[in-house]
Amino acid sequence: MEGGEEQQEPEVGMCANCGFLAKLRCANCRQAFYCKRECQREHWKNGHKDQCQPFQVLESAELGRYMVASRDLKAGDVILKEDPIVVGPKQITEPICLGCYARVDGSYRCQKCNWPMCGPACESSPDHLPECVVGQEIGSPIDIANFDEPNHFYEVIFPLRCLALKKKSPKKYEQLLSLESHYEDRKGTHVHQENQKSIVNFLRNYFFIQEFPIEDIDSSEKSIHTITGITDVNSLELRLKHSEVLGLYPTFAMLEHSCTPNSKHTFNKERQVIVKAAVDIKRGEHISTMYTHVLWGTAARRDHLKHSKYFMCTCFRCSDPTELGTHFSALRCKQCPNGFMLSAAPLDELAAWICTSCNATVTSDEVKEINLKIGEEVEAALAMPSVDSLEKLVQRHGKNLVHPNHFHLFAARHTLLQMYGRDPSSAGEESMKKKEKMCQDFLKVCTALDPGMSRLAPYAGIALYEYHLAVLARARQEPDAKHVDSAALKKDVETAKALLQQCIRVLQDEPEDQPEGQLCQVAQQNLAELRQWEATLSSP
Ligand SMILES: C[S@@+](CC[C@H](N)C(=O)[O-])C[C@H]1O[C@@H](n2cnc3c(N)ncnc32)[C@H](O)[C@@H]1O
């Protein structure tokens, strides 16, 4: 949902502290009124401090609940910091410790329930309590032998932890159940049938959760399906050092989807989610996140949202056949030399595609087929990448089949731009020129698709870093005295510094234990070294 509906704010209200008629209001949330400053100070001390948020949750027939900014937000402003109500393994996961979520090899098991863990400290983690209690009571064997492959036993952990909230924390359970489950939409679908076997039946017929009092665990089929729906629609994926887990954050779950989101989020070590404005957001504007993959074309994104989140996206990017001028899904016209085929109506999956130049048409099925074919080729090339094979693929398809910015080629270009200058076959000056140009083109598309770097920070961060390497390679070619004062060298050093600074800005929120966070640290070190080198250049 783009833009903001006009929100008419009331001009007067009741003082939140003493109940008198009031005109002053809290500048952050704009929801609490005060009759005088003393009342505002009092109210802040008495709890408003913890409740004051720069957003409001509203509701509409189209979106359900959604968030709007309650004041103007600057890019980088913190919108929300929230604890999860449940954390646990993803539905499909290799065996991991149920306390710290590191991979396990089976050499240690919980003394009480026999689930594989990494040691005694994790055994007493509060996260692990629900399955540990069920395991102790029921005593069903935890039959995990292969530790290298995903194991179906883990499928029940997250739903079980959600169900156990009923006794452990009734307030959180209520909060959880208030989230959207799309229960009716899911009934009878393949997902529902699979969950019936792997989660509902397994919890009831193997772990016998119906033996627990209903006041402790609601083990009805409907409740378990509702919980799996809530999880699929609302949960977030947390990347930890050695695994990925899920978390449910009830306020975060109020954020609507947009394919050009205006917020970004990260997690801290306490597993809180921190949501920041990715771009400036005006008061009253909707605040959005992204539920799907920013580097997929419109048809794939909409299809994914339809089947996993049960709505058809109509955002600005989805409605624009050029995808914000990038031509990310455009094909080459086979009837004329210069035209590109674009969907005549991108919000209609079955609409024909029309040439921008000669008006020739192709069906949406033909488009799907071409995409499938290129997708397979790119996947095969990326499985064993070489500069030569990727270059040929990008050039051939970019000339004959698809727009050079097409999403399938974009993935190949991301690998290629990192290989130039690293792969021994591409160490020369020519390759570095290609690298520089490819980084520029790549970053142009990133900026158009995701101006706030909400999702593309890791991609753009790498491209900025590689771009600086290409510029620096040119600058370092002639470090002799006669070149020292040349304007070209100075300009290159300035450009390389600016690229590193931008790389650091883009990656600054990435976790330190992830490759992107580590790249940010490398960029900081490189920047310091570059400044030292620059100083030696200008010293007499
Ligand atoms: C994480 S929940 C968001 C909160 C939800 N609206 C509610 O009231 O609980 C995701 C669901 O919100 C709705 N939704 C989110 N973004 C939407 C959008 N851009 N267009 C239509 N529906 C959307 C869909 O029903 C989706 O499955």
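Keep in mind it's a predicted model, so treat the numbers as computed, not measured. (Residues numbered from 1 in each chain as written. Predicted model: local features only at pLDDT ≥ 70, side-chain atom pairs only at ≥ 80, totals over all residues. Heavy atoms only, no water.)

1. Observations regarding the sheet that holds strand β12 (residues 263-267)
Strand order in this open sheet of three strands is β7-β13-β12, and the pairing throughout is antiparallel. Edge positions in the sheet fall to β7 (78-82) and β12, since each has one partner strand and no second. Direction aside, neighbouring strands of the sheet carry axes that sit 15° apart on average. (Pairing = 2+ DSSP bridges. Helix = DSSP H or I, 4+ residues; strand = E, 2+ residues; numbered from the N terminus. Axes fitted to C-alpha atoms, helices over the stretch in contact; angles between N-to-C directions.)

2. Focus on the sheet that holds strand β14 (residues 286-289)
Strand order across the open sheet formed by four strands is β5-β6-β14-β11, with mixed pairing between neighbours. In the strand order of this sheet, the two ends are held by β5 (55-60) and β11 (256-257), each with one partner. Examined bridge by bridge, β5 and strand β6 (residues 64-69) share six bridges and lie antiparallel to one another. The partner of F55 across the bridge, within β6, is A69.

3. Overview of the layout of surface pockets
Counted as a void, the second largest pocket has a volume near 640 Å³. Contributions of two or more residues to the lining of the second largest pocket are made by α9 (298-308), β16 (340-343), α11 (364-383) and α13 (407-419). No other element matches α11, which puts seven residues into the lining of the second largest pocket. In terms of residue class, the lining of the second largest pocket is made up of 12 nonpolar, eight polar and eight charged. (1 Å grid on protein atoms, 1.4 Å probe; cavity = no way out; pocket = protein on both sides within 12 Å on 5 of 7 lines; lining within 4 Å. Points joined across faces, edges and corners; volume = space filled by probe spheres on them. Nonpolar A, V, L, I, M, F, W, Y, C, P; charged D, E, K, R; others polar.)

4. Notes on the pattern of salt bridges
Across all of its chains, the model carries 29 salt bridges by this definition. In this structure, the salt-bridge partner of K197 is E194, at a minimum N-O distance of 3.3 Å. Taken together, the residues K197 and E194, both in helix α7 (residues 190-205) and three residues apart, mark about one turn of the helix. Note on K197: relative accessible area 54%, which makes it exposed. Judged by relative accessible area, E194 falls into the partly exposed class, the value being 34%. A salt bridge links E349 to K306, with the nearest nitrogen and oxygen atoms 3.4 Å apart. With E349 in the loop between β16 and β17 (353-355) and K306 in helix α9, this residue pair connects regions lying 43 residues apart in the sequence. Its relative accessible area of 45% is what places E349 among the partly exposed residues. We classify K306 as partly exposed; its relative accessible area is 31%. Taken together, the shared-partner salt bridges connect K90, E237 and E244 into one network. (Salt bridge = Lys/Arg side-chain N within 4 Å of Asp/Glu carboxyl O. Buried < 20%, exposed > 50% of the residue type's maximum accessible area, 1.4 Å probe, protein only.)

5. Concerning empty space enclosed by the protein
Applying the stated rule across the entire model yields one cavity of 30 Å³ or more. Considering only enclosed or pocket space, the largest cavity measures out at about 30 Å³ in volume. The wall of the largest cavity is formed by Y183, R186, H192, H225 and T228. In terms of residue class, the lining of the largest cavity is built from one nonpolar, three polar and one charged.

6. A short note on the UniProt feature "domain: MYND-type" (unreviewed entry) in the protein
With numbering aligned to this structure, UniProt lists the feature "domain: MYND-type" (unreviewed entry) at residues 15-52. Helix makes up 39% of residues 15-52 and strand 16%. Its end C-alpha atoms lie 15 Å apart. (UniProt positions renumbered as here; feature names shortened; annotations may be inferred.)

7. Examining the site of the ligand
Around the ligand sit 16 residues, and of these L63, R65, H182, A253 and K309 come closest. Note that a nitrogen atom of the ligand is positioned 3.0 Å from one of the backbone N or O atoms of H257. At 2.6 Å from an oxygen atom of the ligand is found a main-chain nitrogen or oxygen belonging to K309. Coverage of the ligand by the protein chains reaches 93% of its 570 Å² of free accessible surface. Those elements giving two or more residues to the shell around the ligand turn out to be β6, α8 (221-234) and β11. Split into classes, the residues belonging to the shell around the ligand amount to seven nonpolar, four polar and five charged. Looking at which domains feed residues into the shell around the ligand, each of domain 1 (13-83 + 251-289) and domain 2 (86-248) gives three or more. (Near = heavy atom within 4 Å. Polar contact = N/O pair within 3.5 Å; in protein donor to acceptor, adjacent residues only side chain to side chain. Areas by Shrake-Rupley, 256 points an atom, 1.4 Å probe, with all protein chains shown as cover. Domains from an automatic or database assignment.)

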